[in-house]
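Listed below are the residues making up each chain.
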Amino acid sequence: MIKDFTALALQFLLLWVLFQIGTWFSETTGLAVPGNVIGLILLLTLLITRVIPISWVDRGAGLFVKHLGFFFIPICVGVLAVGTLSPQLAFSLTVILLLSTLAGIAVTGKIFQSIAGRKELENDRSST
Amino acid sequence: MTVLLLSITIAVYLASRRLYKNVRVAVLTPVFTSTAAMIVILLVFGISLDTYEPVIDLVTAVLGPATVALAVPVYKHRKIILRYSRAFLWSLTIGSLTAALISLSAANLIYLSSQLITSLTVKSATVPIALELAELQGGDLTMTAVFVMITGLIGAVFGPGLLTIAGVNSPAARGMAVGTIAHGIGTAHIINEGELQGASAAAAMACAGIFLSLITTVL
């Protein structure tokens, strides 16, 4: 139990260190790509090159990924609780957001599926 | 107080997660129901946003490492993602441009301020990317955050249903679409559908963020 907990804590620590490296890199280079994305790419590179074995991050990352939604809740609360828009502006903005989001999702999905070929993808589904 | 509010947030999240697992109605996606419930709780008990602020800072600090963790599902499904790299790049490019251009032209049509227009074009990126871009381009930061959150929630709530209606059934394509447009909130939702959806969404989210940083300098 204690051993499990230590292992998990170490995995979180490793992810946190990678995030800090990413942030540091983003700040020193002045890149428009933020630290978390650089951290993601860094971890992916380290896994592919086998510098870090997957077992070092698997459980900690699994827990984060499973509960990823949780980490958005407080920001959503902070952002959405400050409603100070005129109803008209709020309405037109909602329409724009709905239209562009839904169109974007439909277009992305359709194009991906038509290029990748539907049959091939169906095969993947049964094999994964 | 911070510990209490954090515990309440976690409890609300776990309850809404259980509710979603039992009911499986897209509108009840945990991020959406938890946010609504927390806003109601804060209002009912007269807790100001300033009091809740430490919880926001604390949890947002962990959002960084949690995003880094998305490298793991991408790694596990790297073969499939690589095999479809051509479909991946094209759908990402055209999909992101569609979302950005629709909001751009609609915003111009109703004469929004240029600050709001900038905030609208970066809304499909994940929060830290969008805020960074808005700042670089002189957009309104608060409204950018609002647009990003609403875009994520719309994508999570309506995206999967829309894709089903549009006949997009393959897991990789579904994850790709939601991750590209609805960033982390969409990814957190679609990962419940399956691990491949989640992996493709995570890869799409990271690449869409990078792509948007490149095109906003042009648009």
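Residues numbered from 1 in each chain as written. Chains lettered and ligands numbered in written order. Predicted model: local features only at pLDDT ≥ 70, side-chain atom pairs only at ≥ 80, totals over all residues. Heavy atoms only, no water.

Concerning the nonpolar core
Ranked by size, the top nonpolar core spans 104 residues in total, and within it Leu15(A), Leu43(A), Phe112(A), Tyr52(B), Leu112(B), Leu120(B) and Ile185(B) carry the most contacts. For this core, the element with the most residues is helix 11 (residues 195-216) of chain B, which contributes 11 residues. If near-sequence neighbours (up to four positions away) are discounted, Leu120(B) is found in contact with Leu93(A), Ile96(A), Leu97(A), Ser103(B), Ala107(B), Leu112(B) and Phe147(B). (Core = buried A, V, L, I, M, F, W, Y, C linked by side-chain atoms within 4.5 Å. Buried < 20%, exposed > 50% of the residue type's maximum accessible area, 1.4 Å probe, protein only. Helix = DSSP H or I, 4+ residues; strand = E, 2+ residues; numbered from the N terminus. Contact = heavy atoms within 4.5 Å.)

Brief notes about the confidence of the model for chain B
Residues with a pLDDT of 70 or more make up 98% of chain B, whose mean pLDDT is 88. For chain B, per-element mean pLDDT is lowest for helix 8 (residues 127-137) of chain B, which scores 75, and highest for helix 1 (residues 2-23) of chain B, which scores 94. (pLDDT = per-residue confidence, 0-100.)

Points about the domain arrangement of chain B
All names here are of chain B. Considered domain by domain, chain B is made up of domain 1 (2-64) and domain 2 (72-216). Put simply, the middle of domain 1 and the middle of domain 2, counted by C-alpha atoms, are 23 Å apart. Each partner contributes to the interface: domain 1 provides eight residues, whereas domain 2 provides six residues. Roughly 680 Å² is buried in total at the junction of domain 1 and domain 2, and carbon and sulfur atoms are behind 72% of that figure. The largest share of the area that domain 1 buries against domain 2 comes from Ala26, Thr29 and Val31, three residues that together contribute 46% of it. Across the contact surface, domain 1 and domain 2 share zero salt bridges. Between domain 1 and domain 2 we count one residue pair in polar contact (both at pLDDT 80 or more) in total. Breaking the side of domain 1 that touches domain 2 down by element, the ones donating at least two residues are helix 1 and helix 2 (30-44). Classifying every residue of the side of domain 1 that touches domain 2 by side-chain character gives five nonpolar, one polar and two charged. (Domains from an automatic or database assignment. Buried area = accessible area lost by both parts, 1.4 Å probe. Salt bridge = Lys/Arg side-chain N within 4 Å of Asp/Glu carboxyl O. Polar contact = N/O pair within 3.5 Å; in protein donor to acceptor, adjacent residues only side chain to side chain. Nonpolar A, V, L, I, M, F, W, Y, C, P; charged D, E, K, R; others polar.)

Side note on the domain arrangement of chain A
As assigned here, chain A comprises domain 1 (1-78) and domain 2 (85-128). The straight-line distance from the C-alpha centre of domain 1 of chain A to that of domain 2 of chain A is 27 Å.

Some points on the packing of helix 5 (residues 87-116) of chain A against helix 10 (residues 171-190) of chain B
Interaxial distance between helix 5 of chain A and helix 10 of chain B falls to 8 Å at its minimum, and their mutual angle equals 145°. The way helix 5 of chain A lies across helix 10 of chain B gives a crossing that is right-handed. Side by side, helix 5 of chain A and helix 10 of chain B meet where Thr101(A), Gly104(A), Ile105(A), Thr108(A), Gly109(A), Phe112(A) and Gln113(A) of the first sit next to Ala172(B), Ala173(B), Met176(B), Ala177(B), Thr180(B) and Ile181(B) of the second. A class-by-class count of the residues in the contact of helix 5 of chain A with helix 10 of chain B yields seven nonpolar, six polar and no charged. (Axes fitted to C-alpha atoms, helices over the stretch in contact; angles between N-to-C directions. Left-handed = near helix turned anticlockwise from the far one by under 90°.)

Quick notes on the side chain of Gln11(A)
Residues and elements named next belong to chain A. Relative to the assigned elements, glutamine 11 resides in helix 1 (residues 2-29). Glutamine 11 gets classed as buried once you look at its relative accessible area, which sits at 9%. A polar contact of 3.1 Å, which involves the side chain of glutamine 11, links it to the backbone oxygen of tryptophan 56. Looking at glutamine 11, its side chain comes within polar contact range of the main-chain nitrogen of glycine 60, at 2.5 Å. Ignoring anything within four residues of it in the chain, the contact list for glutamine 11 reads Ser55, Trp56, Val57, Asp58, Arg59, Gly60 and Ala61.

Side note on the side chain of Ser96(B)
Residues and elements named next belong to chain B. For serine 96, the location among the structural elements is in helix 6 (residues 85-109). At 2.7 Å, the side chain of serine 96 forms a polar contact with the backbone oxygen of leucine 92. When near neighbours in sequence (up to four residues on either side) are disregarded, serine 96 contacts Ser91, Thr180, Ile181, Ala208 and Phe211.

Re a nonpolar patch on the surface
Residues Leu10(A), Leu13(A), Trp16(A), Val17(A), Ile21(A), Trp24(A), Phe25(A) and Leu31(A) make up a contiguous nonpolar surface patch of about 770 Å² in total accessible area. Within the secondary structure layout, Trp24(A) lies in helix 1. (Patch = residues over 30% accessible without salt bridge, like charges linked within 9 Å, V, L, I, M, F, W, Y side chains within 5 Å. Areas by Shrake-Rupley, 256 points an atom, 1.4 Å probe, with all protein chains shown as cover.)

Section: the interface of chain B and chain A
Counting residues at the interface gives 95 residues for chain B and 73 residues for chain A. Both sides of the chain B and chain A interface together cover about 7,600 Å² of buried area, and 83% of this is carbon and sulfur. In terms of surface lost to chain A, no three residues of chain B exceed Val68(B), Tyr75(B) and Tyr84(B), which account for 9% of the buried area on that side. Along the contact surface separating chain B from chain A lie one salt bridge. With a shortest N-O distance of 3.0 Å, Lys76(B) and Asp58(A) are connected by a salt bridge.

Concerning the UniProt feature "transmembrane region" (unreviewed entry) in chain A
Residue and element names in this part refer to chain A. Cross-referencing UniProt, the feature "transmembrane region" (unreviewed entry) maps to residues 7-25, 31-52, 64-83 and 89-109 in the present numbering. Helix makes up 100% of residues 7-25 and strand makes up 0%, while its end C-alpha atoms are separated by 27 Å. Note that residues 89-109 is 100% helix and 0% strand, and that its end C-alpha atoms are spaced 30 Å apart. (UniProt positions renumbered as here; feature names shortened; annotations may be inferred.)

So, the UniProt feature "transmembrane region" (unreviewed entry) in chain B
Residues and elements named next belong to chain B. The UniProt entry lists residues 25-49, 55-75, 87-111, 141-163 and 198-218 under the feature "transmembrane region" (unreviewed entry), expressed in the numbering used here. Structurally, residues 25-49 comprises 64% helix and 0% strand, and the distance from its first C-alpha atom to its last is 30 Å. Helix makes up 92% of residues 87-111 and strand 0%, and the two end C-alpha atoms of the span are 36 Å apart.

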